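# Close look at the chain arrangement
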Amino acid sequence: KVRGMVESGRLQDDGKIGVRVGRVVNKHKVAKHFTLDIGDGHFAFETNEQSIADAAALDGLYVVRTSLPADRMQRDDVVRSYKQLTQVERCFRSMKTMDLHVRPIYHRTEDRVRAHILLCTLAYYVRWHMLEAWRPLLLCDEQLDAKAQRDPVAPAKRSAAADDKAATKRTDDGERAHSFQTLLQSLATIVRDTCRRPAAEGAEATIDVDTRPTEFQQKALDLVASIQL
């Protein structure tokens, strides 16, 4: 189309031709695949066959490189390690939005901002350990060992047990399968009440009464207590 505009005389200035050609190649991201010849009243192009062949060789693929020697990390482990970046992204998402809400920060000094970020990082560390301990109660795949053995480039698949849990929304023992947030909300019903007589004087003794956990809540508390760092 651009070549036709030049040949018909509608485009003559080499700068305007270059701008018009740039709109095309930038839109379709194909500049590296063409060799352009632009001049006053002249425009020609040809395909760069070597560039196209190089791109075709990697079409639909991605390449992961590492500086580690093969005796330290096999190629399958390289890909698995690369895919673990999703855990880092999940961490940032959890810290910034879903759970910890690291922002907004109202501190004015560098030390206080650093301390704020450190506390949020430690909070995520605690959350991660709680989530790992609570996997049997959550809508999570519990068969983590299989991840280290499966084909690293094949589409990720959950275990059959995880699919059943997601379909039924129930754990193996028939309890409701929770998300991390709903499990915290369930545990939030455990409270400590301070009891006193209605007509008691201010100095009269009080009694603290803790809510008795349900069987499910106690199981969640026991799992947290089993965490070893």
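Residues numbered from 1 in each chain as written. Predicted model: local features only at pLDDT ≥ 70, side-chain atom pairs only at ≥ 80, totals over all residues. Heavy atoms only, no water.

### Remarks on the pattern of salt bridges
Defined as follows: Salt bridges are identified by distance alone: a Lys or Arg side-chain nitrogen within 4 Å of an Asp or Glu carboxyl oxygen. Only protein chains enter the calculation, and the probe is 1.4 Å; a residue is then buried if its accessible area is under 20% of its type maximum, exposed if over 50%, and partly exposed in between.
Applying the stated criterion across every chain yields a total of eight salt bridges. As a salt-bridge pair, Glu 132 and Arg 135 come within 3.3 Å of each other at their nearest N and O atoms. A residue is classified by how much of its surface remains accessible, and Glu 132, at 25% relative accessible area, is partly exposed. The shortest N-O distance in the salt bridge between Arg 197 and Glu 204 comes to 2.7 Å. Under the relative-accessibility criterion, Arg 197 is labelled partly exposed at 47%. A relative accessible area of 29% places Glu 204 in the partly exposed class.

### Some words on the layout of surface pockets
To keep things clear, this is the line we draw: Cavities and pockets were defined on a 1 Å grid built from protein atoms only: a cavity is a group of points that admits a 1.4 Å probe but offers it no way out, a pocket is an open group of points flanked by protein on both sides within 12 Å along at least five of seven lines, and a lining residue is one with an atom within 4 Å of any such point. Grid points are joined across faces, edges and corners, and a volume is the space filled by probe spheres set on the points. Put simply, DSSP H or I for four residues or longer makes a helix, DSSP E for two residues or longer makes a strand, and each gets a number counted from the N terminus. Residue classes follow a fixed rule: Ala, Val, Leu, Ile, Met, Phe, Trp, Tyr, Cys and Pro count as nonpolar, while Asp, Glu, Lys and Arg count as charged, and any other residue, Gly among them, counts as polar.
Its boundaries defined by the atoms lining it, the largest pocket holds a volume of some 1200 Å³. Residue lining of the largest pocket: 37 residues in total, with Gln 87, Arg 90, Arg 135, Leu 144 and Lys 147 positioned closest to the centre. No other element matches helix α5 (residues 85–98), which puts seven residues into the lining of the largest pocket. Its residues placed into classes, the lining of the largest pocket shows 16 nonpolar, six polar and 15 charged.

### Points about the environment of Arg 93
Structurally, Arg 93 can be placed in helix α5. For Arg 93, a relative accessible area of 41% corresponds to the partly exposed category. Along the chain, Arg 93 and Phe 216 lie 123 residues apart, while their C-alpha atoms are 29 Å from each other.

### Focus on the packing of helix α8 (residues 180–187) against helix α9 (residues 215–225)
The criterion, for reference: Under this scheme, a helix contributes an axis fitted over its contacting stretch, all axes are lines through C-alpha atoms, and angles between N-to-C directions fall in the 0 to 180 degree range. The scheme is simple: roughly parallel for angles under 35 degrees, roughly antiparallel for over 145, roughly perpendicular for 65 to 115, oblique for anything else. The crossing is said to be left-handed when, going from far helix to near helix, the turn is anticlockwise and less than a right angle, and right-handed when the turn is clockwise. Note on definitions: a residue-residue contact is assigned when non-hydrogen atoms from the two residues lie within 4.5 Å.
Interhelical geometry of α8 versus α9 gives an angle of 115° and a closest axis separation of 10 Å. On the basis of their axis angle, the class for α8 and α9 is roughly perpendicular. Here the hand of the crossing between α8 and α9 comes out left-handed. Of α9, the residues touching α8 (which contributes Leu 183, Ser 186 and Leu 187) are Phe 216, Gln 217, Ala 220 and Leu 221. Class assignment of the residues belonging to the contact of α8 with α9 gives a composition of five nonpolar, two polar and no charged.

### Description of the packing of α5 against helix α6 (residues 110–133)
Following both chains from N to C, one finds α5 and α6 inclined at 115°, their axes separated by 11 Å at the closest point. Two packed elements cross with a definite hand, and for α5 against α6 that hand is right-handed. Here Gln 87, Cys 91, Ser 94 and Met 95 of α5 come into contact with α6, specifically with Cys 120, Thr 121, Tyr 124 and Arg 127. Counted by class, the contact of α5 with α6 contains four nonpolar, three polar and one charged residues.

### With respect to unusual backbone geometry
Residue Arg 103 is joined to Pro 104 through a cis peptide bond whose omega torsion reads 5°. Here Pro 104 lies in the loop between α5 and α6. Although it is not a glycine, Lys 29 adopts a positive phi angle of roughly 55°. Relative to the helices and strands, Lys 29 resides in the loop between α2 (14–28) and β1 (34–39). Here the phi dihedral of His 101 falls at roughly 50°; this positive angle occurs in a residue that is not glycine. Turning to its location among the elements, His 101 is positioned in the loop between α5 and α6.

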